[in-house]
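Remarks on the overall topology
Here is what each chain is made of, one letter per residue.
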Amino acid sequence: MDYSAKRLDELQAAFDLPPAQIADIAGKFQDEMLAGLAGRSSSLKMLPSFLARPAGSETGRFLALDFGGTNVRVQLVELAGDGRWTVPAQNALPLKDPVGRYDYTTAATAAPELFDFLTAQIAAVVEADEDYLLGHTFSFPCRQQGLNRAVLIGWTKEIKTAGVEGREITALLSEALLRRGLGRVKPCAIINDTVGTLLTAAYGDPYTDIGAICGTGHNTCYFEPAAAMIINMESGNFAGLPFTEYDRRLDAASERPGSQRLEKMVAGRYLGELVRMIAADCLNLPLETGSLSAEDLAAVLGGLPRPVPAAALTAGEFQLLRTVAQAVVIRSARLVAATFLGVLARTDPALSFRHTIAVDGSLYEKMPGYAARLSATLTEALGPKADLLTVKLSKDGSGVGAAIAAAIAGEGR
Ligand code: GLC
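No experiment lies behind these values; they were computed from the predicted model shown.

**Some points on the packing of aromatic side chains**
Taken as a whole, this structure holds 10 aromatic pairs when the rule is applied. The interplanar angle of 45 degrees and the centroid separation of 6.0 Å between the aromatic rings of F138 and W155 together place this pair among those described as tilted. Taken as a pair, F138 in strand β5 (residues 132–138) and W155 in the loop between β7 (149–152) and α4 (169–179) lie far apart in primary sequence, 17 residues in all. Here the aromatic cluster, defined as three or more aromatic residues joined through ring pairs, consists of F67, F138, F140 and W155. Residue placement shows K157 over the ring face of F140; its charged tip is 4.5 Å from the ring centre. Over the face of the ring belonging to F243 we find R261, whose NZ or CZ atom lies 3.8 Å from the ring centre.

Here it is as structure tokens:
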């Protein structure tokens, strides 16, 4: 056996999570949920959303502002009831210009500049002489003080914009709306994207009680019966995990070492670099820091034309890269499934009810084999009872969910 093959075997063993380890992680996840709910020290923040699930009968026209860290998207959403909606107008722009003219995610940008950018996108969608209720999806950990009040605890996903941490987000948005002359747009709800995903799926499917994002970032929320409320777990911060030396190195080199440990093992923002680091350091493949993205991994695994960073690899090296990518992507899907098992153990220990798990995000939607591996891991753990679970893509749930939250807030006015 040559050197690379031996190293590859060791690597695959380090990334393999056998069923007993999945059960162990699920157990630890449930323990952290319980600790967080009880206000004890926990890697899960268990943040209240001040929202239950929608009735499905919410109707009307609302503005949805979706800020997730990659793009800002504004949608005019018409909720028609019974899980139906249309989006008659929308506008989206990246926060970081692909050709480098602007970047609202750096520490050199101050909060008002960022929020002025958001309201400029709102201005492009609204009519000047109309009133709007706005739901805001703000996909970062926030200490929620009510449905319309949320203080950013700290940035995640490597965002660094100055002057937003510790601030109340709806106030920053309202001030920017007034600066822009958009006083007729009234923010009335602020939610996490996982909550938006759950709300959107639950709007048409009352069995939905878990919502997750598997995209640039990773996080899960669920409906907690004891609180009669959806709880944003900020599960990307879960830390009860078997770390490899590569996970430790990626964490050490990140913006906030020690935080978001699960997210750094599973989310699109980090998977490309994790694979690159392993391929370069362990197998000596010529790949520069930061050169591989999750899209590149999808191309490698999906048999698409080779992505640019892998162009110079020999056929043998490319095969090694593919094997590493496969191991890292499968581990991601299995870890996420383990956390879902932890949630189900909390909400329905005997697994006697139907549950729909709504997932949104590019990783879940587009990474070859990802969704199938996630479901297979649930079946491996639960056997025939897994038939009670439906895991489904809830596309664009974070935007439509903001409109649903605005409708619920509007009913309470
Ligand atoms: C990060 C954020 C979290 C969000 C997730 C998906 O983990 O902290 O709030 O839900 O990314 O966008």
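**A short note on the nonpolar core**
Counting 72 residues, the largest nonpolar core has L321, F340, M367, Y370, L374 and L378 as its most contacted members. When residues of this core are assigned to their parent elements, the largest contribution, 17 residues, is made by helix α10 (residues 315–347). The contact partners of L321, leaving out residues within four places of it in the chain, are V275, A279, L285, L287, L292, V300, A310 and L313. One finds F138, F140, L152 and L177 within the second-largest nonpolar core, a separate group that totals 34 residues.

**What about the site of the ligand?**
The immediate surroundings of the ligand are formed by 15 residues, with T156, K157, D193, E234 and E263 found nearest. The side chain of D193 places a nitrogen or oxygen atom 2.6 Å from an oxygen atom of the ligand. Contacts to the ligand include N219, whose side-chain N or O atom sits 3.0 Å from an oxygen atom. Bound to the protein, the ligand loses 98% of the 310 Å² it would expose on its own. Of all the secondary-structure elements, those providing two or more residues to the shell around the ligand are α5 (193–204) and β10 (218–224). Taken together, the residues of the shell around the ligand sort by class into three nonpolar, eight polar and four charged.

**A few points about the pairing of β7**
Where strand β6 (residues 142–146) and β7 come together, four bridges link them in antiparallel fashion. Bridge pairing in β7 places G146 opposite R149. Here β6 folds back onto β7 in antiparallel fashion, the turn holding two residues.

Rules used in this analysis
- Residues numbered from 1 in each chain as written.
- Predicted model: local features only at pLDDT ≥ 70, side-chain atom pairs only at ≥ 80, totals over all residues.
- Heavy atoms only, no water.
- Phe/Tyr/Trp six-rings, centres within 6.5 Å; stacked < 30°, edge-to-face > 60°.
- Helix = DSSP H or I, 4+ residues; strand = E, 2+ residues; numbered from the N terminus.
- Lys NZ or Arg CZ within 6 Å of the ring centre and 35° of its normal.
- Core = buried A, V, L, I, M, F, W, Y, C linked by side-chain atoms within 4.5 Å.
- Buried < 20%, exposed > 50% of the residue type's maximum accessible area, 1.4 Å probe, protein only.
- Contact = heavy atoms within 4.5 Å.
- Near = heavy atom within 4 Å.
- Polar contact = N/O pair within 3.5 Å; in protein donor to acceptor, adjacent residues only side chain to side chain.
- Areas by Shrake-Rupley, 256 points an atom, 1.4 Å probe, with all protein chains shown as cover.
- Nonpolar A, V, L, I, M, F, W, Y, C, P; charged D, E, K, R; others polar.
- Pairing = 2+ DSSP bridges.

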